[in-house]
Amino acid sequence: MTLYGGIESGGTKWVCAVGSGPDDVVARTSFPTTQPEETLGRALAFFRQQPEIAALGIGSFGPVDVHRDSPTWGFVTTTPKPGWTNIDVGGVMQRALGVPVAFDTDVNAAALGEQRWGAAQQLDTFFYLTIGTGIGGGVMGNGRLLHGLLHSELGHMRIPHDRAVDPYPGACPYHGDCLEGLAAGPALESRWAQRGETLPPDHPAWTLEAHYLALALVNLICILSPQRIILGGGVMQQPQLFPLLQREVQALLNGYLQVPALLDAIETYLVPPALGDRSGMLGAIALAQEVARS
Ligand code: ADP
Ligand code: ZN
């Protein structure tokens, strides 16, 4: 069995794994994202103890440079995370391990993982959105992960914000009340003065949350025409959120698009990741398999 390495580089923790698919992960470790040198060092130490890998895939928090011909390919670039601005991750790992390295966003990796082994098998146009400490999205269009100018930043789209209904100004350091500023976990916590985990299921927080997320999803449905939408991250652990969101998306679309996915079959259209919290790590392994083949 050919083995591949995968790194899910999150703003809070790194997950490193060796394997070839969901049923063949032969080793895995996880540690907090501290300063870059220490974090990269721990990842290298892990991979050096493992059997040989054919390639390494990295799905990273961002913004990142994913353009192969750029001098800063593999860098975490303008992140506000202290110590991590303009840090070479992909290049350092490639030089130290001497194997081909694929480098993409954490959410693009998660989207690829879900397409290979999860909830988006057989689909070529869909996106994966995580609603956690931040909001981020990975997009696949016509079978390819979308990069373009940089990469998608779905969390920072602007959505209508009625300050008479919700006076909370928003938590994004760049935009205040962008989607992430209004609807990520920290916004929930500071608006309602308690963490999302402890808000009861019938709390008005959840209808407002579903409203903001549905506004964003309707924008994305109109722009991308996704065949399915996968919603992950800590906030989506609230089971009541899926039905609220499905109804609100239908209400906002108002019958304009007459396809089963948006009508009776919406439960199979807005779905959780089939790989659970392993989409990013397995997606990184899928990235490694792609770069090894190329
Ligand atoms: P990260 O985004 O850092 O990778 P998570 O996806 O777990 O990690 O997101 C953490 C955020 O999600 C926190 O703001 C936390 O309060 C919120 N969160 C985690 N679990 C739940 C839950 N069960 N219900 C509501 N919010 C949650
Ligand atoms: Zn923003």
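The model shown is predicted, which means the values in this text are computed figures rather than measured ones. (Residues numbered from 1 in each chain as written. Chains lettered and ligands numbered in written order. Predicted model: local features only at pLDDT ≥ 70, side-chain atom pairs only at ≥ 80, totals over all residues. Heavy atoms only, no water.)

Participant: So what's going on with the domain arrangement of the chain? Residues and values would help.
Facilitator: Taken domain by domain, the chain holds domain 1 (4-106 + 276-293) and domain 2 (119-271). Taken together, the contacts link 10 residues of domain 1 with nine residues of domain 2. The tally of links between domain 1 and domain 2 comes to zero salt bridges. Here domain 1 is connected to domain 2 by four residue pairs in polar contact (both at pLDDT 80 or more). (Domains from an automatic or database assignment. Contact = heavy atoms within 4.5 Å. Salt bridge = Lys/Arg side-chain N within 4 Å of Asp/Glu carboxyl O. Polar contact = N/O pair within 3.5 Å; in protein donor to acceptor, adjacent residues only side chain to side chain.)

Participant: Would you mind going over the pattern of salt bridges in detail, with residue names and values included?
Facilitator: Throughout the structure, instances matching the rule amount to seven salt bridges. Across the pair Asp 88 and Arg 95 runs a salt bridge, and its minimum N-O distance is 3.1 Å. Taking the shortest distance from any N to any O, the salt bridge between Arg 158 and Asp 177 comes out at 3.4 Å. Note that Arg 158 is positioned in the loop between strand 10 (144-145) and helix 4 (179-183) and Asp 177 in the loop between strand 10 and helix 4, a separation of 19 residues in sequence. Ionic contacts of the salt-bridge type, sharing partners, join the residues Arg 158, Arg 163 and Asp 177 into one network. (Helix = DSSP H or I, 4+ residues; strand = E, 2+ residues; numbered from the N terminus.)

Participant: Report on the coordination of the zinc ion (ligand 2), specifying residues and quantitative values.
Facilitator: His 156 (ND1), Cys 172 (SG), His 175 (ND1) and Cys 178 (SG) make up the full set of protein donors to the zinc ion (ligand 2), lying at 2.1 to 2.4 Å. We note that the donor set of the zinc ion (ligand 2) lies within a single chain, spaced as H-x15-C-x2-H-x2-C. (Donors = N, O, S within 2.8 Å, 3.2 Å for Na, K, Ca; no water.)

Participant: Account for the sheet that holds strand 1 (residues 4-9), naming residues and giving values.
Facilitator: Pairing is mixed in the open sheet, where five strands are placed in the order 3-2-1-4-7. Of all strands in the sheet, those bounded by a partner on one side alone are strand 3 (25-32) and strand 7 (101-105). The average angle at which neighbouring strand axes cross in this sheet is 15°, direction not considered. Both strand 1 and strand 4 (residues 56-60) contribute to a ladder of five bridges, which runs parallel. By the bridge assignment for strand 4, Gly 6 is matched with Gly 57. Taken strand by strand, helix 1 (residues 36-48) contacts strand 1, strand 2 (13-19), strand 3 and strand 4, and its axis lies near 15° from that of strand 2. Across the sheet, helix 3 (residues 106-117) lies against strand 1, strand 4 and strand 7, angled at about 105° from strand 7, the strand it touches most. (Pairing = 2+ DSSP bridges. Axes fitted to C-alpha atoms, helices over the stretch in contact; angles between N-to-C directions.)

Participant: So what about the site of ligand 1? Which residues, and what values?
Facilitator: Within the structure, ligand 1 sits among 13 residues, and Thr 12, Thr 133, Glu 197, Gly 234 and Gln 238 are positioned closest to it. Separating an oxygen atom of ligand 1 from a side-chain N or O atom of Arg 195 is a distance of 3.5 Å. Taking Glu 197, its side chain carries an N or O atom lying 2.8 Å from an oxygen atom of ligand 1. In isolation ligand 1 exposes 560 Å². Once the protein is present, 69% of that is buried. (Near = heavy atom within 4 Å. Areas by Shrake-Rupley, 256 points an atom, 1.4 Å probe, with all protein chains shown as cover.)

Participant: Please give an account of helix 1 that cites residues and values.
Facilitator: Compared with an ideal rise of 1.5 Å per residue, which puts 13 residues at 18 Å, helix 1 spans 18 Å between its outermost C-alpha atoms and is within 8% of the ideal. For helix 1, every residue scored as buried is listed here: Pro 36, Thr 39, Leu 40, Ala 43, Leu 44, Phe 46 and Phe 47. The arc that holds the buried residues of helix 1, viewed along the axis, is 160°, so those residues lie on one side. Opposite the buried face of helix 1, by more than 90 degrees, sit the exposed residues Glu 37 and Arg 48. Those residues of helix 1 that are buried lie in contact with strand 1, strand 2, strand 3, strand 4, strand 6 (87-88) and helix 2 (90-97). (Expected span 1.5 Å × (residues − 1). Buried < 20%, exposed > 50% of the residue type's maximum accessible area, 1.4 Å probe, protein only. Arc of directions from axis to C-beta.)

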